[in-house]
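# Chain and residue survey
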Amino acid sequence: MAVNFKDINKTVALVGTDAVAEAMRQIDPDVVAAYPITPQTAIVETFAQMVADGKVNTNYVPVESEHSAMSAAIGASSAGARVMTATASQGLALMWELLYIASGLRLPIVMPNVNRALSAPINIHCDHGDSMGARDTGWIQLFSENAQEAYDNTLQAMRIAEHKDILLPVMVLLDGFIISHAIDRLDLVDDDVAKKFVGQYKPEDYMLNASQPLCVGAFDGLYGYFFEFKRQQEEAMRNSVKVIQDVGKEYGAVSGRPYDLFESVGLEDAEYVLIALGSAAGTVRSEVECLREQGLPIGMIKLRVFRPFPAKELAAALAGKKAVAVMDRSDTFAGGMGGPVFIELRSALYEEEKRPLLVNYVYGLGGRDLPVQLVNQAATELGEIAKSGQVKQMVNYLGLKE
Amino acid sequence: MNWDIKDIKDWDWRKHPRGGLIRDAGNAKKFKTGGWRSARPLWDEEKCVQCLICHIFCPDCSIKTKDEKMTGIDYDFCKGCGICAYECPHDAITMIDEAEARKKEEAEEGRA
Ligand code: SF4
Ligand code: SF4
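Below you will find a few notes about this structure. Here the structure is a predicted model, which means the values were calculated and not measured.

Moving on to the environment of A:Leu99. Residues and elements named next belong to chain A. Position of Leu 99 among the secondary structure elements: in helix H5 (residues 96-104). Distance from Leu 99 to Asp 136, taken between C-alpha atoms, is 9.8 Å for residues 37 residues apart in sequence. If near-sequence neighbours (up to four positions away) are discounted, Leu 99 is found in contact with Met 70, Leu 92, Met 111, Ala 134, Thr 137, Trp 139 and Met 171.

Here it is in structure tokens:
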């Protein structure tokens, strides 16, 4: 459903998809090429309406598949345009080969991805299997807890992507249905504030620059420099940590909502810590705060940035903790290694002299609900691990019928 | 921009323009691809009537021309597809085996 945004100024009630569309309206990208897929459809539908209503100057390219959407985005971005698209699940999967091309060509494309499980069996509900599968495609990945963060992350993503030391594509992740289709209260910054924050895109290299011929996407040859280009990509990803933090601070200054790599509750005195990302962070926070009021030494970390993985920063934040539980809304099927966040965190903590005990809770696959009772169960088990110093089972399935 | 790649083989990974960009035009000329060829077109100037059909059909711009006349075949880029030979209305181009042609050339070079 299209929303009339005309009279909305500051505090609004919007579904997550419309919150993202609002950010896109304020960014006013030169080109949007997109294909509808549940639960992302409402983003591009609302945005297409904005284009039709003349609220943006965007060239909207309705393509016949997500493969084409990302291809068109890559072409337009190479030409020098500021480009966005949006997708979810199978759509993201269909973009696969292009995801690597976008990052390999260092194109600052911003793409909200509404997290939805990947088939089979066919399931349209939330889990992080789609974007976690794309974690090694060279895209920056920002997770959102609610519509507010999906909106804020989208504005910031443009700045991060286009930063001259980065020039990498960015995925903004929001949980399917839980965020995308639920009405949420959020604050939008004024248009002029948003526009000033995002700024103008002035690409250094672009194909439509007649005074500087440019070849994009050349064959690297049998004895080329592919290796060197990949190392540069890794360097850009490393540099992006500071840029993400700087942009988050700057965004805080104009909006009152500063952002960092992750956010925490009670780390100063917590002995054990729960880590979550996406919408589950809200449920986890509410339970953790409740348990802290009861005097339990528990804390939480909400991970916002998954790529680059803030390994050093997380290790520092978790130094001296007795036990840590990682909540993963996807599995890696690595054969007992646990979910992707767990695997990364475990690796990040390896160098620490005093490593906390680690336990993994895979939950919510295919949209399986995460009620507070389940978070309480994980928190209670984590407390026991911290007390006994023993992890009975490293990888656990929370909410699985067993 | 001055695209000086003389010592590119020794460049540190930081030096390359990001994303494999080439800030230059017409540089495909520097990357000779004729080595892929397994058949070689031979042009018989006597039979040629300068209709330039071969020039139009060659998918690789390998028919050399000067002042609107065909002047030969650019073996640095010709892939040996044989289209020119097939299209030539006067059988002025014939295809021969590339390996044998090379062997012969090498033998001749050896003699010289
Ligand atoms: S097609 Fe044959 S006759 Fe015509 S220009 Fe080419 S070689 Fe000569
Ligand atoms: S063989 Fe093919 S590539 Fe070579 S000159 Fe003839 S048409 Fe061109």
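Structure shown, so let's carry the discussion forward.
Residues and elements named next belong to chain A. With respect to topology, 6 strands assemble into an open sheet ordered E9-E11-E10-E13-E14-E15, the strand pairing being mixed. The open sheet has two free edges, formed respectively by strand E9 (262-265) and strand E15 (395-398), since each of these has just one partner strand. Between one strand and the next, the sheet's axes are offset by a mean angle of 20 degrees, whatever the strand orientation. In terms of strand pairing, strand E14 (residues 357-363) meets E15 through 4 bridges, oriented parallel. From the neighbouring strand, Asn 360 faces E15, where its bridge partner is Val 395. Lying over the sheet, helix H11 (residues 311-318) contacts E9, strand E10 (272-276), strand E11 (298-303) and strand E13 (323-328), oriented at roughly 170 degrees with respect to E11.

With that settled, the discussion passes to the site of ligand 2. All names here are of chain B. By nearness alone, every residue bordering ligand 2 is listed as Pro 41, Cys 58, Pro 59, Ser 62, Ile 63, Ile 73, Cys 78, Lys 79, Gly 80, Cys 81, Gly 82 and Cys 84. For ligand 2, the cavity whose grid points lie within 2 Å of the majority of its atoms is the largest cavity. The class makeup of the residues in the shell around ligand 2 is 8 nonpolar, 3 polar and 1 charged.

So, about the environment of A:Ser71. Residue and element names in this part refer to chain A. Looking at where Ser 71 falls in the secondary structure, it is placed in helix H3 (residues 66-79). You can call Ser 71 partly exposed: its relative accessible area is 29%. Remark: the alpha-carbon pair of Ser 71 and Ala 182, spanning 111 residues in sequence, is separated by 31 Å.

Here we come to a nonpolar patch on the surface. Residues A:Phe219, A:Leu222, A:Tyr223 and B:Phe31 make up a contiguous nonpolar surface patch of about 580 Å² in total accessible area. Along the polypeptide, A:Tyr223 turns up in the loop between helix H8 (191-198) and helix H9 (226-255). When its relative accessible area of 70% is taken as the criterion, A:Tyr223 is described as exposed.

About the criteria used
Residues numbered from 1 in each chain as written. Chains lettered and ligands numbered in written order. Predicted model: local features only at pLDDT ≥ 70, side-chain atom pairs only at ≥ 80, totals over all residues. Heavy atoms only, no water. Helix = DSSP H or I, 4+ residues; strand = E, 2+ residues; numbered from the N terminus. Contact = heavy atoms within 4.5 Å. Pairing = 2+ DSSP bridges. Axes fitted to C-alpha atoms, helices over the stretch in contact; angles between N-to-C directions. Near = heavy atom within 4 Å. 1 Å grid on protein atoms, 1.4 Å probe; cavity = no way out; pocket = protein on both sides within 12 Å on 5 of 7 lines; lining within 4 Å. Sits in = over half its atoms within 2 Å of the grid points. Nonpolar A, V, L, I, M, F, W, Y, C, P; charged D, E, K, R; others polar. Buried < 20%, exposed > 50% of the residue type's maximum accessible area, 1.4 Å probe, protein only. Patch = residues over 30% accessible without salt bridge, like charges linked within 9 Å, V, L, I, M, F, W, Y side chains within 5 Å. Areas by Shrake-Rupley, 256 points an atom, 1.4 Å probe, with all protein chains shown as cover. Salt bridge = Lys/Arg side-chain N within 4 Å of Asp/Glu carboxyl O.

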